[in-house]
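Breakdown of the fold
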Amino acid sequence: GFFWRNEPAVITGYKARRMRSLMQAGIHLLAYHLPLDFHVELGNNIALARQLNIDVDAPLLDVQGKTIGLTGTLAQPVTAVDFAQCINKKLHREPLHIGDAQAKIQTLAWCTGAGQHFIDQALLASVDAYLSGEISESTVHFARENNLHYFAAGHHATEMFGVQRLGEHLAEKFALEYHFINIHN
């Protein structure tokens, strides 16, 4: 996201400095963030599923033809602590886990980035656990009160694979060179 909701679209100040630096270096700017939240083949959610070896079952929610999040299944049940270790290994980010560390999980729902607000949809999907990038105070209580495992793995960490897949796709399709620069936040 270069422009956020309710922000002026005028390019001044730090936005102008950013764009000027790119333009002077001959670098193109591609805005990908929100489209990758919804894309079913190259997007953040499907890319995260591939990283964590989750078999996709269905969309978590469909809003006006846009898939928000996914549901899926692990090949074998694992303890929550083992799944947290898998997240840490694949995303290079230790997740915050709400729930019993030794309980088994196999079915999941997830929505990358700031997807914590869709936790109620995960409960309706009758999954064992829900994963997103961020966590809110209300998310903790909702997860505990509904006996639903919750993993918060970081906004950037859950969304870095979609843009890499997009870069690979564009490089293949248009014979482009691309570089993914991972800047943790």
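Scroll up a little and you will see the structure.
What this report covers is the structure whose coordinates are included nearby. (Residues numbered from 1 in each chain as written. Predicted model: local features only at pLDDT ≥ 70, side-chain atom pairs only at ≥ 80, totals over all residues. Heavy atoms only, no water.)

Strands belonging to one sheet form pairs held by backbone hydrogen bonds; the direction of such a pair is parallel or antiparallel. Taken together, six strands build an open sheet; the order of strands is β1-β2-β4-β5-β6-β3 and the sheet is mixed. The sheet is open, and its two edges are formed by β1 (54-63) and β3 (96-98), each paired on a single side. Across the sheet, the mean angle from the axis of one strand to that of its neighbour is 20°, orientation sign disregarded. Where β1 lies against strand β2 (residues 66-79), eight bridges are found, and the strand directions are antiparallel. Within β2, the residue paired with Ala 58 across the bridge is Thr 71. Packed on one face of the sheet, helix α4 (residues 80-91) meets β1, β2, β3, β4 (104-111), β5 (129-132) and β6 (149-152) and runs near 120° to β2. (Pairing = 2+ DSSP bridges. Helix = DSSP H or I, 4+ residues; strand = E, 2+ residues; numbered from the N terminus. Axes fitted to C-alpha atoms, helices over the stretch in contact; angles between N-to-C directions. Contact = heavy atoms within 4.5 Å.)

Ranked by size, the top nonpolar core spans 23 residues in total, and within it Phe 83 and Phe 151 carry the most contacts. Elements that contribute at least two residues to this core include exactly α3 (44-51), β2, α4, β4, β5 and α7 (155-174). By residue number, the principal contributor to this core is α4, which donates five residues. Beyond its immediate stretch of four places on either side in the chain, Phe 83 contacts Leu 52, Ile 54, Leu 74, Val 78, Ile 105, Leu 108 and Phe 151. (Core = buried A, V, L, I, M, F, W, Y, C linked by side-chain atoms within 4.5 Å. Buried < 20%, exposed > 50% of the residue type's maximum accessible area, 1.4 Å probe, protein only.)

This brings us to the packing of aromatic side chains. Scanning the entire structure with this criterion turns up two aromatic pairs. Relative to Phe 151, the ring of Phe 83 has its centre 5.2 Å away and its plane inclined at 80°; by these criteria the two rings are edge-to-face. Of the two residues, Phe 83 sits in helix α4 while Phe 151 sits in strand β6, which places them 68 residues apart along the sequence. As far as the burial class goes, Phe 83 and Phe 151 line up, both buried. The interplanar angle of 35° and the centroid separation of 5.8 Å between the aromatic rings of Tyr 130 and Tyr 150 together place this pair among those described as tilted. With Tyr 130 in strand β5 and Tyr 150 in strand β6, the pair connects residues that are 20 residues apart, well separated along the chain. When its relative accessible area of 0% is taken as the criterion, Tyr 150 is described as buried. Sitting over the face of the ring of Phe 38, Lys 66 holds its NZ or CZ atom 4.9 Å from the ring centroid. (Phe/Tyr/Trp six-rings, centres within 6.5 Å; stacked < 30°, edge-to-face > 60°. Lys NZ or Arg CZ within 6 Å of the ring centre and 35° of its normal.)

So, about the pairing of β5. Consecutive side chains along a regular strand alternate between the two faces of the sheet. Neither face of β5 is exposed, since Ala 129 and Leu 131 on one face and Tyr 130 and Ser 132 on the opposite face are all buried. When β4 meets β5, the two strands line up parallel, connected through four bridges. The residue of β5 that forms the bridge with Leu 108 is Ala 129. With helix α5 (residues 119-124) bridging β4 and the parallel β5, this β-α-β connection has right-handed handedness. Where β5 and β6 come together, four bridges link them in parallel fashion. Paired with Ser 132 across the strands is Ala 152, a residue of β6. Crossover handedness for the path β5 to helix α6 (residues 137-145) to β6: right-handed. (Right-handed = clockwise from strand over helix to strand, strands pointing away.)

For the rest of this paragraph, the subject is the pairing of β6. Both faces of β6 are covered, namely the face carrying His 149 and Phe 151 and the face carrying Tyr 150 and Ala 152. Alignment of β3 against β6, held across three bridges, turns out to be antiparallel. When the sheet's bridge partners are listed, His 97 is paired in β6 with Phe 151.

Further remarks concern the environment of Leu 48. Here Leu 48 is to be found in helix α3. In sequence terms Leu 48 and Leu 91 are 43 residues apart; their C-alpha atoms lie 9.1 Å from each other.

Since the α-helix advances by 3.6 residues per turn, residues separated by three or four positions end up pointing in the same direction. In this model α4 runs 16 Å from its N-terminal to its C-terminal C-alpha over 12 residues, within 8% of the 16 Å that 1.5 Å per residue would give. After α4 finishes, the residue His 92 shows a positive phi value of roughly 55°. (Expected span 1.5 Å × (residues − 1).)

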